[in-house]
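Inside the fold
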Amino acid sequence: MANGQPIGRHPGWPARLGPLTVPGGVVEVRAPRLLDGRAWSRVRLRDQAYLQEWEPTAPGTWAERNATSAWLGQWSTLRALARRGMSLPFVITVDGRLAGQVTVGNVVRGALCSAWVGYWVASDAGGGGVATAAAALVVDHCFGPAGLHRIEATVRPENIASLRVLAKLGFREEGLFRRYLDVAGAWRDHRCLALTTEDIPTGLVNRLVTAGKAVIPQLGSG
Ligand SMILES: CC(C)(COP(=O)(O)OP(=O)(O)OC[C@H]1O[C@@H](n2cnc3c(N)ncnc32)[C@H](O)[C@@H]1OP(=O)(O)O)[C@@H](O)C(=O)NCCC(=O)NCCS
């Protein structure tokens, strides 16, 4: 048993989180589905220039890696990692349409109980608080049902939008990792920011709602 969960079952997985209303729309996060391939590919191919500057270098061309046919491999890898308790992979929907991903990876339990979080949001859904809302839902879930204690994010110093997302969520600066990750074809420095459960006793969603940055819609009303 781990955190009261039967062995072989990943605490906190699968999960569907939200909704949370922000200026960009109604944000939900859920497990990836095989049928997400077409929408995922359409957004990723369209947003190549905007996304690839920030994403880890990988084999093959962008078109190959992000074709609809590539989703089967992506989806089955994400699902396998989630089932083994190593990852919590989510897609973000805005007003019901796929608009990005939030992934919690490298889940380590025992005395560490830590993981990293990463995200991307479609260019036409950006700037409206979507990434902030999605990350808040996921971090709260990690510190609740998933039983983690620490979440870290590593970001290139040039990535102003992502650093702003983390600042809005209250992530603390922990240091600079030199030549940490191969991004867009070169080893890039990354700033490391983190949160532990003690930083947010009442949760990130609650903090956003209290600050007037997000609203929990009343389901079933009207
Ligand atoms: C980073 C990313 C996820 C942000 O998504 P988003 O939904 O636009 O995020 P939010 O709307 O919640 O917050 C973005 C904030 O950055 C600000 N911002 C965006 N671009 C900016 C810029 N060039 N200069 C200053 N601020 C900027 C926005 O104004 C907003 O802050 P505000 O709410 O105080 O106005 C999205 O831009 C993205 O997918 N980028 C490419 C992939 C990536 O960088 N992933 C993260 C890797 S660490």
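No experiment lies behind these values; they were computed from the predicted model shown. (Residues numbered from 1 in each chain as written. Predicted model: local features only at pLDDT ≥ 70, side-chain atom pairs only at ≥ 80, totals over all residues. Heavy atoms only, no water.)

Here we take up the overall build of the chain. Counting its regular elements, the chain contains seven helices and eight strands. Whereas a compact globule of 222 residues would reach a radius of gyration of roughly 17 Å, the chain reaches 17 Å, a difference of no more than 12%. Along the first, second and third principal axes, the C-alpha set of the chain runs to 45 × 40 × 35 Å. Per-residue burial for the chain yields a buried fraction of 45% across its 222 residues. Of the contacts made within the chain by residues no fewer than 6 positions apart, 63% connect residues no fewer than 24 positions apart. Here the chain has roughly 11,300 Å² of accessible surface; of this, 56% comes from carbon and sulfur atoms. (Helix = DSSP H or I, 4+ residues; strand = E, 2+ residues; numbered from the N terminus. Rg over C-alpha atoms; globule rule 2.2 N^0.38 Å. Buried < 20%, exposed > 50% of the residue type's maximum accessible area, 1.4 Å probe, protein only. Contact = heavy atoms within 4.5 Å. Areas by Shrake-Rupley, 256 points an atom, 1.4 Å probe, with all protein chains shown as cover.)

In the vicinity of the ligand, 21 residues are found, and the nearest of them are Gly 127, Thr 132, Asn 159, Arg 164 and Lys 168. A distance of 2.7 Å is found between an oxygen atom of the ligand and a backbone nitrogen or oxygen belonging to Gly 127. Taking Gly 129, its main chain carries an N or O atom lying 2.8 Å from an oxygen atom of the ligand. Burial of the ligand by the protein amounts to 70% of the accessible area it has alone, namely 960 Å². Here the shell around the ligand takes six residues from helix 6 (residues 160-169), the largest share from any one element. (Near = heavy atom within 4 Å. Polar contact = N/O pair within 3.5 Å; in protein donor to acceptor, adjacent residues only side chain to side chain.)

These figures come from the coordinates and say nothing about function on their own.
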